[in-house]
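# Per-entry structural report
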Amino acid sequence: MQTSNLAFTAALAPNLAALDDTAAALGDPRPQASEEALVQLGRALMTELLDVIADTALEDFQTLLGEALIGAFHSAAGRIEREADRARDTMRRLDRDFDGSEAADVELQEATVKARAGDAATQAAERIRDAASDAWTVATGEVWTAWRGSRRGSFLTAAQLEAKQAIRAVRDRRAGDAAHRGAVVAFRGAPSADAQEDAARIFDALNWALAEWPDMALATTGAKGAEKLAIRWAQQKGVTLILARADFDAHGKAAPFKANDDLIALEPTCCLTLSRSLDGERAADGRPFGPALNLGQKAMEQGLRHLAVRSRPH
């Protein structure tokens, strides 16, 4: 834990002054929470939650509770940011229609202060969120991702895009309306494939892909197990993440396969799959993961490059 905290603090170092500088520019006489204090708060909240529910009946709901805590600050950051955006809209309107009166000048100043305060508060909520998320990953090995909307890149993690947003970019590029955005590497893996051997081979395959395509984005559905390990790799490497979420409400049991259609629509340069755990005992206990096999089949039908993670890429 201490090593992770030191690494986390080192990752923060280039950005430690960013929030402090934003807060200082507000001119508010009240003291501002420092970035270091906000990071400590996020860690402490998550650590306290996990300590309280450990070895209790609530432990069965650990993932739900942990993700709810992180998601609360993610939601708060989004709401505050929208308020700041509305203040900026007001600023633009007042600036456009400015008549030189004192009343108009006061209103413009108030809107400006509100927008700047909102920006500082948004950054503060994001710092708490990301620190809690880091503590969650260190303690549980799980990776939190935003399940509504896109998560803005921060000092902790890579940028995150929704699949439909990325698909639109692909179509725009095909029509000549957008610049090339780099290679996409799609990955699907079995939920049970999260043993140490699985992690080593998944990271090995993704490191190979990154060496082949340094501008790559990783596209996956965010399912538990192997795909969570791949997301953790993307966060550690600063690789853009594209999430093609399975929509069970709309597609029922077919949702994991419909998500594969979104992955293929991204026109991936390469598809990586891991249909069963590489751990002998786990592999013997279960059948191959259908959605991973399905993505490999779709890739071959489309003439896309496909590699099974169990074989070392060449």
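Now for a description of the structure that goes with this document. (Residues numbered from 1 in each chain as written. Predicted model: local features only at pLDDT ≥ 70, side-chain atom pairs only at ≥ 80, totals over all residues. Heavy atoms only, no water.)

A few words now on the overall build of the protein chain. Tallying secondary structure elements over the protein chain gives 12 helices and 6 strands in all. Counting all 314 residues of the protein chain, 42% fall into the buried class. Nonlocal contacts in the protein chain, meaning residues at least 24 apart in sequence, comprise 71% of its contacts between residues at least 6 apart. (Helix = DSSP H or I, 4+ residues; strand = E, 2+ residues; numbered from the N terminus. Buried < 20%, exposed > 50% of the residue type's maximum accessible area, 1.4 Å probe, protein only. Contact = heavy atoms within 4.5 Å.)

On to the pairing of strand S5 (residues 270-274), then. Burial analysis of S5 places 5 of its 5 residues in the buried class, which makes it a mostly covered element. A two-sided burial pattern is seen for S5, the buried positions comprising Cys 270, Leu 272 and Leu 274 on one face and Cys 271 and Thr 273 on the other. Sheet topology note: the S5/strand S6 (residues 305-308) ladder contains 4 bridges and is parallel. Directly across from Leu 272, in S6, lies its bridge partner Leu 307. (Pairing = 2+ DSSP bridges.)

Phi at Asp 55 is positive, roughly 60°, even though this residue is not glycine. Within the fold, Asp 55 resides in the loop between helix H3 (35-53) and helix H4 (62-96). With a phi close to 55°, Glu 267 is a non-glycine residue in the positive phi region. Residue placement: Glu 267 occurs in the loop between helix H10 (255-265) and S5.

Bringing the environment of Pro 268 into the picture now. Along the chain, Pro 268 turns up in the loop between H10 and S5. If near-sequence neighbours (up to four positions away) are discounted, Pro 268 is found in contact with Val 184, Ala 186, Leu 263 and Leu 304.

Turning our eyes to something else, we now look at the pattern of salt bridges. Taken as a whole, this structure holds 10 salt bridges when the rule is applied. For the salt bridge of Glu 35 with Arg 127, the shortest nitrogen-to-oxygen distance reads 2.4 Å. Taken together, the residues Glu 35 in helix H3 and Arg 127 in helix H5 (residues 102-140) connect sequence positions 92 residues apart. The residues Glu 35 and Arg 127 share a single accessibility class, namely buried. Between Arg 88 and Asp 119 there is a salt bridge, with the nearest N and O atoms lying 2.9 Å from each other. Residue Arg 88 is found in helix H4, and its partner Asp 119 is found in helix H5; the two are separated by 31 residues along the sequence. Take Asp 119: its relative accessible area is 27%, and that puts it in the partly exposed class. (Salt bridge = Lys/Arg side-chain N within 4 Å of Asp/Glu carboxyl O.)

Moving on, we come to the environment of Leu 210. The topology assignment puts Leu 210 in helix H7 (residues 196-212). Residues Leu 210 and Ala 234 lie 24 residues apart in sequence; the distance between their C-alpha atoms is 9.9 Å. The contacts of Leu 210, once residues within four sequence positions are left out, are Met 216, Trp 233, Lys 237 and Val 239.

For the rest of this paragraph, the subject is the nonpolar core. Nonpolar side chains tend to gather and get buried jointly when the protein is soluble and globular. Within the largest apolar cluster, 32 residues are counted, with the highest numbers of intra-cluster contacts made by Phe 187, Ile 202, Trp 213, Met 216, Leu 218 and Leu 272. Elements supplying a minimum of two residues to this core: strand S2 (184-189), H7, helix H8 (226-237), strand S4 (240-243) and S5. Sequence-distant contacts of Ile 202, defined by excluding residues within four places in its chain, comprise Phe 187, Ala 193, Ala 226, Leu 229, Ala 230, Leu 274 and Val 309. (Core = buried A, V, L, I, M, F, W, Y, C linked by side-chain atoms within 4.5 Å.)

Before going further, it helps to spend a moment on H8. For an α-helix, the turn length of 3.6 residues means that residues three or four places apart are oriented alike. The terminal C-alpha atoms of H8, which comprises 12 residues, lie 17 Å apart, in line with the 16 Å expected from a rise of 1.5 Å per residue. For H8, a buried count of 9 out of 12 residues is recorded, marking the element as mostly surrounded by other parts of the structure. On its buried side, H8 packs onto S2, H7, strand S3 (217-220) and S4. Of the residues one or two after H8, Gly 238 is the one with positive phi, at around 70°. (Expected span 1.5 Å × (residues − 1).)

One way to put it is that H7 packs onto H8 with a least axis distance of 10 Å and a crossing angle of 45°. With respect to each other, H7 and H8 are oriented oblique. Read as a crossing pair, H7 and H8 show a hand that is right-handed. Across the interface between the two elements, Ala 199, Ile 202, Phe 203, Leu 206, Asn 207 and Leu 210 of H7 pack against Ala 226, Leu 229, Ala 230, Trp 233 and Lys 237 of H8. Considering only residue class, the contact of H7 with H8 consists of 9 nonpolar, 1 polar and 1 charged. (Axes fitted to C-alpha atoms, helices over the stretch in contact; angles between N-to-C directions. Parallel < 35°, antiparallel > 145°, perpendicular 65-115°, else oblique. Left-handed = near helix turned anticlockwise from the far one by under 90°. Nonpolar A, V, L, I, M, F, W, Y, C, P; charged D, E, K, R; others polar.)

The next point concerns the packing of aromatic side chains. Aromatic ring pairs: the centre-centre distance and the angle between the two ring planes describe each pair. Counting across every chain of the model gives 1 aromatic pair. Summarising the aromatic geometry, the rings of Trp 208 and Trp 213 are spaced 5.6 Å apart at their centres and angled 80° between planes, so their arrangement reads as edge-to-face. Residue classification places Trp 208 among the buried residues on the basis of a relative accessible area of 14%. Overall, Trp 213 belongs to the buried group, its relative accessible area being 15%. (Phe/Tyr/Trp six-rings, centres within 6.5 Å; stacked < 30°, edge-to-face > 60°.)

By themselves, these observations are geometric and do not establish any function.
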